[in-house]
Structure formats: C-alpha cells, structure tokens
Amino acid sequence: MEETLVKFDYFYGGHVEMPDAGFSATPVGERNLSEELLASSFSEAKAMAKIMDPLGYDTLWMSEHHFQSEGFGGIPNVHMTSVYLAEATQNMNFGAFFSIVPAWHPLRLAEDFASADVMTGGRVRFGIGRGYILREVETLGSPLEDDEANRDLFEEQVEIIIKAWEKDSFSHRGKNYVIPADGMHRGKKLQEITLVPRPIHKPVDFWQPIASGSQRGMDFMVKHGIKGVIAGGTAPGGSAEKTALRWKKTLAKAGQEVEVGERLALGVQIHMADSEEKAIEEATPYFEEQLKVLAPLGMIKNLSEYQIEATADPGIAPSAGLPTLQDGVEDGTWICGPPRKIKEEIAGILKRFPKIERLSVGLGGLAIPPSVIRKDLEWFGKEVLPEFREKD
C-alpha cells in the first residue's frame, strides 16, 4: 500500500478558457464572454477532479468569487459545487480557498458547509478569508475598505461559526450579531438555537491564508486552532520560510511547540513542459495576465501607481519594471519544467518544511487555460506525485 507523506492538492480559481492572455491580449475589462462560457467553471472543475481522483491528489480547492463577468472566478458557492463534484468522484476532497466570510451571514455559511459535509460523507474542507475585492464584499453588504471594521466583522463571524458547530445549542451577543433574535418561540423567550445539520467530523479543520502576516491575524488563528496557508515564496531564505518561522513563534507564545511546517499548507504554481525554458515561455502570457487582473486590485505588492496602470498598456508594460515570471521562479512561487525539475524543487521545499501538511501545486492557476491545467495535473500526477509516496 502507498501512503502520501504530504497531501498534494490543487487550487483552481474558477476561471474559464480564454482565447488569449498577456499584456498584448484583450484588456481585462473588455472581455465579453457568453453566459455559457462563464458557467463553464463548474464543468472545468469537474474535469480536473476526475483527473485528480485516481492519481492520489487529496483536495481540489476552489475560490469563492462573485460578479466576475470578466471570466476570472465563476464559482460563488464552493460548498454547493463540492457536492456536485463529489458525485463525479470516489475519493477526492473539496474545499474553498477561500470562503469570503464577510460575504455571508455566518450561520448560513455554517449550514452550507455542514450540509455539504453530510451529503458528501465528510469530503469537504473549510478555508476562510476576509475578501479583497470591493465589488464582491461591499456589494454584498459588508465593509472592505475599512480594514478594521472588516477584520472585526470577520473575527466575530468565525467565532459564531465555531460555536454553531461545536455546541449542542448556543447564543451570541456581539457588535454585529445577536443570536438568537430577541423574541418568542412557541410561547417562550428564545434563549439559544441549534444549528442543523452540523458537520460529521468535529472540530472542523480550518485553513486561512497568512497574507498580510499581521500579528493580530496570526494570534486569532492560533487562538481558534486555525491552520495557515502560505502562497509562494518557497525559495531558500524566502518569504515562506520567514512567515513559517513567525508562525512557529506565535504558536510557541501560546504554549504550542511545533516544528517548521506544522499546521501549515504551502502553495506553488507549477507548469510543465519538456524543458524549463519551454515551460517559462509558455507560461509567461499567463503570468502577465495575472498581473493585469490582480495589480489593480492591490494584490501585487510593491508596485507604484505607474506600474499598476502600465499592466493595462501593452506599449508600456514591458519597460515598466514589472515583476516577471522569471522572478516568480527564482523566489519559489512558480516551478516550471519537466518532471525531473519539478521533483527536485518539491524535494527541496519538503526538506525546508519537514512537517508541512499540504502542498498545493496550483495557486489558483489564474489565466492558465483549464485545458493546460488538466495536462499539468495529469503529468504531475503520473510522473511526479509517485515520487513522494511511501511504499510499505
């Protein structure tokens, strides 16, 4: 029997197949996609899951997004989608990287996840975030630009979700929520409520990105037993190592001694080809498209206003000093090349993070055509993943 030492996952952002990508391609705001194409995120996720299922991957993570008419995120309810995908697979697990908690009433999110968990026999995973797109979060009624208000709301919502799952009945009175509502039920004053259903396995594994790296955020995660997700920066001495050490110190401060990598997942973006040079050449337009999508949303660090504007101008972008895919390869966010190269890089990551729980070989895959993602998943699953299994 073979057992995977670290769980290998893929994170799919819910984008659709597009005819072009890169600085010289269609501007993000001018993509005019059909309703049929926008809805294809579900069939694309299903196709990926069916490839991953027999190859030993653990979890297909998906982004929750709303109102993405440009085609870069078409899955508004990951838990509902997970039920659909579980019906098409035998062993795969599914989860959200990440549920936008402020976009939900916390009890509805708790119910949806628990329902999916019951219907799939425990094959769903829970990832949470605060959101980063105003069009999504504030349109659905919660603050985003007021960071403190957003964080306050998020933390209260998470505490409610945990109570709802772990207690037979509960009540809550906070800044944003009074649960249950003040009033009468069957002739008696409401005192507590019970969530129905509750998840199969409790306590539920929570996963949250360590994005800003704020100490408040890390302290909250440790307090509630939430595990961390670090995206990219896995090169020796890079940002992932620094964040993992801060995480270790934060746990130690709370009396929890762990080794580097414990209670953490790492994410990298792979693209495979017969040589590293060819893989980088193929993936460069995808990387450029990612800059076009994410830079104006403030998701690419250390860019000037001029550089952000340059991502939308193919005449200026190449000379604006923007990050390149080669930069992403050097800092360990991207791994490009043939199976041998991918194996070497992953072996190095696992040596630096000996107790890592999960390694996602996708970081959303934004702008990588789903047809290309499927090829990467199959190639990786057949020629790389077996290298990291233990043979009894």
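Here, every reference points to the structure presented above.
Computed from a predicted model, the values in this text were never measured in an experiment.

Parameters at a glance
- Residues numbered from 1 in each chain as written.
- Predicted model: local features only at pLDDT ≥ 70, side-chain atom pairs only at ≥ 80, totals over all residues.
- Heavy atoms only, no water.
- Helix = DSSP H or I, 4+ residues; strand = E, 2+ residues; numbered from the N terminus.
- Rg over C-alpha atoms; globule rule 2.2 N^0.38 Å.
- Contact = heavy atoms within 4.5 Å.
- Areas by Shrake-Rupley, 256 points an atom, 1.4 Å probe, with all protein chains shown as cover.
- Lys, Arg positive; Asp, Glu negative; His and termini not counted.
- Charge placed at Lys NZ, Arg CZ, Asp CG, Glu CD.
- Phe/Tyr/Trp six-rings, centres within 6.5 Å; stacked < 30°, edge-to-face > 60°.
- Buried < 20%, exposed > 50% of the residue type's maximum accessible area, 1.4 Å probe, protein only.
- Pairing = 2+ DSSP bridges.
- Expected span 1.5 Å × (residues − 1).
- Bend = angle between axes of the 7 residues up to and from the residue.
- Salt bridge = Lys/Arg side-chain N within 4 Å of Asp/Glu carboxyl O.
- Arc of directions from axis to C-beta.

**Q** Break down the overall build of the protein chain for me, with residues and values.
**A** Counting secondary structure elements, the protein chain contains 13 helices and 17 strands. Rg of the C-alpha trace for the protein chain: 21 Å, near the compact-globule value of 21 Å for 392 residues, within the 12% margin. Dimensions of the protein chain, computed from C-alpha atoms along their principal axes, come out at roughly 70 × 55 × 45 Å. By sequence separation, contacts in the protein chain at least 24 residues apart represent 74% of the contacts at least 6 residues apart. Roughly 17900 Å² of accessible area belongs to the protein chain as shown, and the carbon and sulfur atoms make up 51% of that amount. In the protein chain, 43 side chains carry a positive charge and 59 a negative one; their mean positions are 7 Å apart.

**Q** Can you break down the packing of aromatic side chains residue by residue, with the values?
**A** Enumeration over the complete set of coordinates arrives at 13 aromatic pairs. With a centroid separation of 5.6 Å and 75° between ring planes, the pair formed by Phe-11 and Phe-97 is classed as edge-to-face. With a gap of 86 residues between them, Phe-11 in strand S2 (residues 7-12) and Phe-97 in the loop between strand S4 (93-96) and strand S5 (99-100) connect regions that are remote in the sequence. Both residues of the pair, Phe-11 and Phe-97, count as buried. Each residue in the set Phe-8, Tyr-57, Phe-380 and Phe-388 is aromatic and connected to the rest through ring pairs, giving one cluster.

**Q** So, the environment of Ile-133: which residues are in play, and what are the values?
**A** Checked against the element boundaries, Ile-133 lands in the loop between strand S6 (124-129) and helix H5 (134-137). When the C-alpha positions of Ile-133 and Leu-294 are compared, they lie 10.0 Å apart, and in sequence the two are 161 residues distant. Dropping the residues within four chain positions of it, Ile-133 is found in contact with His-65, Gln-68, Leu-144 and Leu-297.

**Q** Hey, could you go over the pairing of strand S14 (residues 269-272) for me, with residue numbers and the actual values?
**A** Neither face of S14 is exposed, since Gln-269 and His-271 on one face and Ile-270 and Met-272 on the opposite face are all buried. Of the strand pairs in this sheet, S14 and strand S15 (residues 334-337) are connected by 4 bridges, and their pairing is parallel. Within S15, the position partnered with His-271 by the bridge is Cys-336.

**Q** So what's going on with helix H9 (residues 276-294)? Which residues, and what values?
**A** Between the first and last C-alpha of H9 there are 25 Å, a value that for 19 residues agrees with the 27 Å anticipated at 1.5 Å per step. If you look at H9, its biggest bend is around 40°, right at Ala-283, and the proline Pro-285 turns up within four residues after that. What H9 keeps buried is the set Ala-279, Ile-280, Ala-283, Tyr-286, Phe-287, Glu-289, Gln-290, Leu-291, Lys-292, Val-293 and Leu-294. Where the residues of H9 are buried, they touch S14, helix H11 (325-330), S15 and helix H13 (370-383).

**Q** Account for the pattern of salt bridges, with residues named and values stated.
**A** If you walk through the whole model with that rule in mind, you get 22 salt bridges. The salt bridge partner of Arg-340 is Glu-344, with a shortest N-O separation of 3.4 Å. Pair noted here: Arg-340 and Glu-344 are both in helix H12 (residues 339-352), with a separation of 4 residues, about one helical turn. Exposure remark for Glu-344: the relative accessible area of 46% places this residue in the partly exposed category. Counted as one network, the salt bridges with shared partners bring together Asp-20, Arg-31, Glu-289 and Lys-292.

**Q** Residue-level account of helix H8 (residues 239-253), with values.
**A** Across its 15 residues, H8 extends 21 Å between first and last C-alpha, which sits within 8% of the 21 Å expected from 1.5 Å per residue. Burial in H8 covers these residues: Ala-240, Thr-243, Ala-244, Trp-247, Thr-250 and Leu-251. Around the axis of H8, the buried residues are gathered within 120° of arc, so they sit on the same side. Turned more than 90 degrees from where H8 packs its buried face, Lys-242, Lys-249 and Lys-253 sit exposed.

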